[in-house]
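Fold and geometry: a report
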Amino acid sequence: MPAADPLKARINQALAERHSQGLLRHRQPIQRLEGATIQVEGQLYHHFCGNDYLGLAECDRIRQAWQDGLQRFGAGSGASPLVTGHHQAHHQLEQQLCDWLGFEAALLFSSGFAANQAVIHALMQKGDTLLQDRLNHASLQEAGHLCPATMKRFAHNDSGDLARRLKAAPGDRPKLVITEGVFSMDGDQAPLAEMRQLCDDQGAWLMVDDAHGCGVLGPEGRGSCAAAQIQPDILVVTFGKAFGCAGAAVLCRSDVAQYLTQFARHLVYSTALPPAQACALAEAVRQIQSQPWRRERLHTLSELLAANLDARVPLVSTATPIKPLMVGESQRALELSAQLKEKGFWISAIRPPTVPAGQARLRLTLSAGHSEQQILALAEALNEVWHAAETE
Ligand SMILES: *Cc1c(COP(=O)(O)O)cnc(C)c1O
């Protein structure tokens, strides 16, 4: 008889559970076409669930900058930033981010997930207090659970709850508060000015993950913190959303950057971004700074959608391009998503554990790359599927 295989048994059981709960996930190869359209298995769809809010993933100048970077620097960086992977292109991008966002130092990471893990693990020690919003991104939650600090989650966007927890924390130990600027699944915004004040009063540091705000909000697209006129101690920006590329940066004071350069393991032990990608990102920053029309267009499209939706469609009105359509049951979210697909709209159902149980939703996102016609057609399709669901 072959030996028992407990790992295989566990994997099969977990898959069977996900399947029976209607929570099994799949990847599907897509092809991106012009104008927020994708092709999947030969079918064309209007695409309303990406994070390319400004339409920069298709920007010719960014593509060109990436190609020029490839010619100048070759394919990969060749090493960790601490060995020989930190090229002139990385250095210049970090300077540009500092000047734009108003920080002394910036450190590039290969992803936002890595940046969040790196910062939390490098800063937090046993006995410290880490307080984070209950709806923070998985990368923050996971690092918080795994790090040696005492981690507590405060009620979503609830400054009162945060204040109580800050006061209860040991006064002589480091305290770190972490929030997103714009919440990725809800599209709402953290009360950053209040949080900054609370942190100052209690001697805590504030870290803001502005993955969905940077590029989209604030003067020159500088993000949630600039919009709220505050400076966090640590700002994380990611380049996979409004920047249309990939990667991330941590912005902070220069002593903190120096400390992270010693102790942030995802920086020390990981290959630096390809320098050509840094060139593309430098161009993305220039586009974000110099093209306010992209942000204005998002605003216009957002208003157009709201104006053409039936009042009964429970699309949450937000000040960001993220517009959740709250459904509740996972199965129902999948059905609505499938019906919209039949009408030519690609909008993924977001289910637990990405969102809390019973809060499955369609996460609609707008992009400056959408046309007015696409928005009007979307409104019509949403009105239809919602009406059909109600009269079933
Ligand atoms: C997407 C996201 C990340 C992860 O960034 P990647 O660069 O995609 O790894 C981190 N935080 C938030 C809030 C995000 O939405």
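Residues numbered from 1 in each chain as written. Predicted model: local features only at pLDDT ≥ 70, side-chain atom pairs only at ≥ 80, totals over all residues. Heavy atoms only, no water.

Take the overall build of the protein next. For the protein, the count of helices and strands is 14 helices and 14 strands. What you see for the protein is a C-alpha radius of gyration of 22 Å, in line with the 21 Å of a compact globule of 392 residues. Projected onto its principal axes, the C-alpha positions of the protein cover 60 × 60 × 50 Å. Within the protein, the fraction of its 392 residues that count as buried is 51%. For the protein, the exposed surface amounts to about 18,300 Å²; the carbon and sulfur share of it is 51%. The positive charge centre, built from 35 side chains, and the negative charge centre, built from 40, are 5 Å apart in the protein. (Helix = DSSP H or I, 4+ residues; strand = E, 2+ residues; numbered from the N terminus. Rg over C-alpha atoms; globule rule 2.2 N^0.38 Å. Buried < 20%, exposed > 50% of the residue type's maximum accessible area, 1.4 Å probe, protein only. Areas by Shrake-Rupley, 256 points an atom, 1.4 Å probe, with all protein chains shown as cover. Lys, Arg positive; Asp, Glu negative; His and termini not counted. Charge placed at Lys NZ, Arg CZ, Asp CG, Glu CD.)

With respect to spatial proximity, 14 residues lie near the ligand, and among them Gly112, Phe113, Asp209, His212 and Lys241 are the closest. Bound to the protein, the ligand loses 83% of the 380 Å² it would expose on its own. For the shell around the ligand, a count of residues per class yields two nonpolar, nine polar and three charged. (Near = heavy atom within 4 Å. Nonpolar A, V, L, I, M, F, W, Y, C, P; charged D, E, K, R; others polar.)

Another point: the packing of helix H6 (residues 159–168) against helix H7 (residues 192–202). Axes are the key here: two packed helices are described by the angle between their axes and the distance separating the axes. Where H6 contacts H7, the two axes come as close as 10 Å, and the packing angle between them is 15°. Judged on the interaxial angle alone, H7 and H6 are roughly parallel. For the crossing formed where H6 meets H7, the hand is right-handed. Contact with H6, carried on its side by Ser159, Leu162, Ala163, Leu166 and Lys167, involves Glu194, Met195, Leu198, Cys199 and Gln202 of H7 and no other residues of that element. Among the residues making up the contact of H6 with H7, the classes are represented as six nonpolar, two polar and two charged. (Axes fitted to C-alpha atoms, helices over the stretch in contact; angles between N-to-C directions. Parallel < 35°, antiparallel > 145°, perpendicular 65-115°, else oblique. Left-handed = near helix turned anticlockwise from the far one by under 90°. Contact = heavy atoms within 4.5 Å.)

Turning to the sheet that holds strand E4 (residues 105–109), a few remarks are in order. Read from one edge to the other, the open sheet built from seven strands follows the order E4-E10-E9-E8-E7-E5-E6, with strand pairing classed as mixed. Each of the sheet's edge strands pairs with one partner strand only, and the pair in question is E4 and strand E6 (150–154). Here the strands of the sheet are splayed against their neighbours by 20° on average, with no regard to which way each runs. Strand contacts of H6: strand E5 (129–133), E6 and strand E7 (175–180), with the helix running at about 155° to E6, the strand carrying the most contacts. (Pairing = 2+ DSSP bridges.)

Let us now look at the environment of Asp52. If you trace the backbone, Asp52 turns up in the loop between strand E3 (43–47) and helix H2 (60–73). Once the C-alpha coordinates of Asp52 and Ala242 are considered, the two residues, 190 residues apart in sequence, prove to be 5.1 Å apart. In this structure Asp52 touches Ala57, Glu58, Lys241, Gly244 and Ser367, once residues within four positions along its chain are discounted.

What follows is about the sheet that holds E3. On the basis of which strands lie adjacent, the open sheet formed by four strands has the order E1-E2-E3-E12 and mixed pairing. If you trace the sheet from one side to the other, it starts and ends with strand E1 (31–33) and strand E12 (345–346), each paired once. Where E1 lies against strand E2 (residues 37–40), three bridges are found, and the strand directions are antiparallel. The residue bridging Arg32 from the neighbouring strand is Ile38, located in E2.

There is a patch of nonpolar side chains on the surface, built from Leu7, Ile11 and Leu15 and spanning about 280 Å² of accessible area. If you trace the backbone, Leu7 turns up in helix H1 (residues 6–20). (Patch = residues over 30% accessible without salt bridge, like charges linked within 9 Å, V, L, I, M, F, W, Y side chains within 5 Å. Salt bridge = Lys/Arg side-chain N within 4 Å of Asp/Glu carboxyl O.)

This part covers the side chain of Asp209. Among the structural elements, Asp209 can be located in strand E8 (residues 205–209). Ignoring any residue separated from it by four or fewer positions in sequence, one finds Asp209 in contact with Asn116, Leu140, Thr179, Glu180, Gly181 and Val236.

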